[in-house]
Amino acid sequence: MADAKVIPFDDDRRGAGGRTSGRAGRPAARRRARERGDGGLAPVGEVPGAAEGPGAPTGPETAEGATGGGTASAGTPGSSGEPPVLDRLLGEGWDARTARGLSFLRRRLTGEYEVDDFGYDAELTDAVLMSLVRPLYEKYFRVEVRGVENIPADGGALVVANHSGTLPWDGLMLQVAVHDHHPAERTLRLLAADLVFMLPVVNELARKAGHTLACAEDAERLLERGEVVGVMPEGFKGIGKPFSERYKLQRFGRGGFVSTALKAGAPIVPCSIVGAEEIYPMIGNSRTLARLLGFPYFPITPTFPLLGPLGAIPLPTKWTIQFGEPIPTDGYPQEAADDPMLMFNLTDQVRETIQHTLYKLLVQRRSVFF
């Protein structure tokens, strides 16, 4: 398999390669059908069962049905109006989807796709990774998104969200929410913990999906390039907290994300996520096992480790993700990023906004699952 071509970060990141129409083999298929005389898979525009030769009717009367004079639909196997067999089995437009899939596979095999200097593969993310996560988002957690238009249509922005749920499903759901619902079709570039990039397979997938290390340098580069960057300042303190402390925000570190936003002049968009706290109710933490495995915590839930792998299935809670009004930072002088009091005040403002929104959403929620 050929290696992918790496492009500079500010270049176009969309995959190269055209699309084929998927219709090249149809004339031969028509000839074979006529030779067989079965007329079972009529091509578009032909009427199955029409007689050939000198006595065959021509013109509009060829589409007349034998029983009612009605016009048969083009591309159907008869006057009954039923679609062709393959359309019934595979769905309408299957040939175009197949052509797109084959074109995608060809580009992956030949290396005719592009990644940026962080490893982000836009084509793979859109075509595969988002498609794998989207059923969980739409059908399982039934995520409701509010205020996504508060993320600017262009330019850099820093989305700051609460973090919870024992396993970081909330980060993936947040990425799908921005990817699928933002009017300008923006992409969220999440800042992830070191542990993510130490795990095999997970490391590669995270890079392909646009995630990068949670460090000020990477975050500042992304913001200066006009990207939407996502950060969850609670870190492991948030996803590893016990169920009794659900929806109580943990400390937001030392305000490093505020300093990064100030340097880039990017607005800060607070984001509140309700529903993730209940997917794995964490009732205990085995610190001994956590130290042996090198994890920040080892969760004990009502189903894990009692049920083994089945205990890793999250509960189907109903989620709400709400984006708040952006907090501008471009009005501050450049040296403001080094003012600890200003960073403390802005950090506290963001944290209080998220916490207040969480309480409001919890009051409005009718049920954890519905």
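In the annotation of an unreviewed UniProt entry, the entry for the chain reads Acyltransferase family protein, and the organism field reads Streptomyces tardus.

**A closer look at the sheet that holds strand β5 (residues 188-192)**
An order of β3-β11-β8-β4-β7-β5-β6 is seen for the seven strands of this open sheet, with the pairing classed as mixed. Each having just a single partner strand, β3 (144-146) and β6 (212-213) make up the two edges of the open sheet.

**Some points on unusual backbone geometry**
Note the cis peptide between F304 and P305, where omega equals 5 degrees. Examined against the element boundaries, P305 turns out to sit in the loop between β10 (299-300) and β11 (320-323). Phi angles above zero are rare outside glycine, and T166 is one such case at about 70 degrees. A positive phi angle, close to 55 degrees, is found at E185, a residue other than glycine. With respect to the helices, strands and loops of the structure, E185 is situated in the loop between α5 (169-181) and β5.

**Here we look at the environment of V229**
With respect to the element layout, V229 can be found in strand β7 (residues 228-231). Once residues lying within four places of it in the same chain are set aside, the contact partners of V229 are A157, L158, V159, L188, R189, L191, A219, L222 and L223.

**Some details on the packing of aromatic side chains**
Using the criterion set out here, one finds four aromatic pairs in the structure. An aromatic cluster of three or more residues is present, and its members are Y140, F141 and W319.

**Quick look at a nonpolar patch on the surface**
A cluster of nonpolar residues, V85, L86, L89 and L90, forms a patch on the protein surface that exposes about 350 Å² of accessible area. Overall, V85 belongs to the partly exposed group, its relative accessible area being 34%.

**What about the nonpolar core?**
Core analysis: the biggest nonpolar cluster contains 29 residues, and V160, F257 and V350 have the highest contact counts within it. Secondary-structure elements contributing two or more residues to this core are β4 (157-161), α7 (216-224), β7, α9 (256-264), β8 (268-274) and α11 (340-364). Here this core takes seven residues from α11, the largest share from any one element. Non-local contacts of F257, meaning those with residues more than four positions away in its chain, are made with L158, V160, V231, P233, F252, T347 and V350.

**Thoughts on the confidence of the model for the chain**
Scored by pLDDT, the chain has a mean of 81; 78% of the residues are at 70 or more. Counting contacts from residues 7-79, a segment whose pLDDT is below 50, to residues more than four positions away or on other chains yields 81 contacts.

**Comments concerning the pattern of salt bridges**
Overall, the coordinates contain 13 salt bridges when judged by the stated rule. For the salt bridge of D117 with R221, the shortest nitrogen-to-oxygen distance reads 2.9 Å. Separated by 104 residues along the polypeptide, D117 in the loop between β2 (114-115) and α4 (122-140) and R221 in helix α7 bring together distant segments of the chain. Under the relative-accessibility criterion, D117 is labelled partly exposed at 40%. Look at R221 and you get partly exposed, because its relative accessible area is 39%. For R189, the salt bridge identified is with E227, shortest N-O distance 3.9 Å. With R189 in strand β5 and E227 in the loop between α7 and β7, this pair connects stretches of sequence that are 38 residues apart. Of the two residues, R189 and E227, both sit in the buried class. Three or more residues joined by partner-sharing salt bridges are found here, namely R107, R108, D121 and E123.

Reading the values: rules and limits
Residues numbered from 1 in each chain as written. Predicted model: local features only at pLDDT ≥ 70, side-chain atom pairs only at ≥ 80, totals over all residues. Heavy atoms only, no water. Pairing = 2+ DSSP bridges. Helix = DSSP H or I, 4+ residues; strand = E, 2+ residues; numbered from the N terminus. Contact = heavy atoms within 4.5 Å. Phe/Tyr/Trp six-rings, centres within 6.5 Å; stacked < 30°, edge-to-face > 60°. Patch = residues over 30% accessible without salt bridge, like charges linked within 9 Å, V, L, I, M, F, W, Y side chains within 5 Å. Areas by Shrake-Rupley, 256 points an atom, 1.4 Å probe, with all protein chains shown as cover. Salt bridge = Lys/Arg side-chain N within 4 Å of Asp/Glu carboxyl O. Buried < 20%, exposed > 50% of the residue type's maximum accessible area, 1.4 Å probe, protein only. Core = buried A, V, L, I, M, F, W, Y, C linked by side-chain atoms within 4.5 Å. pLDDT = per-residue confidence, 0-100.

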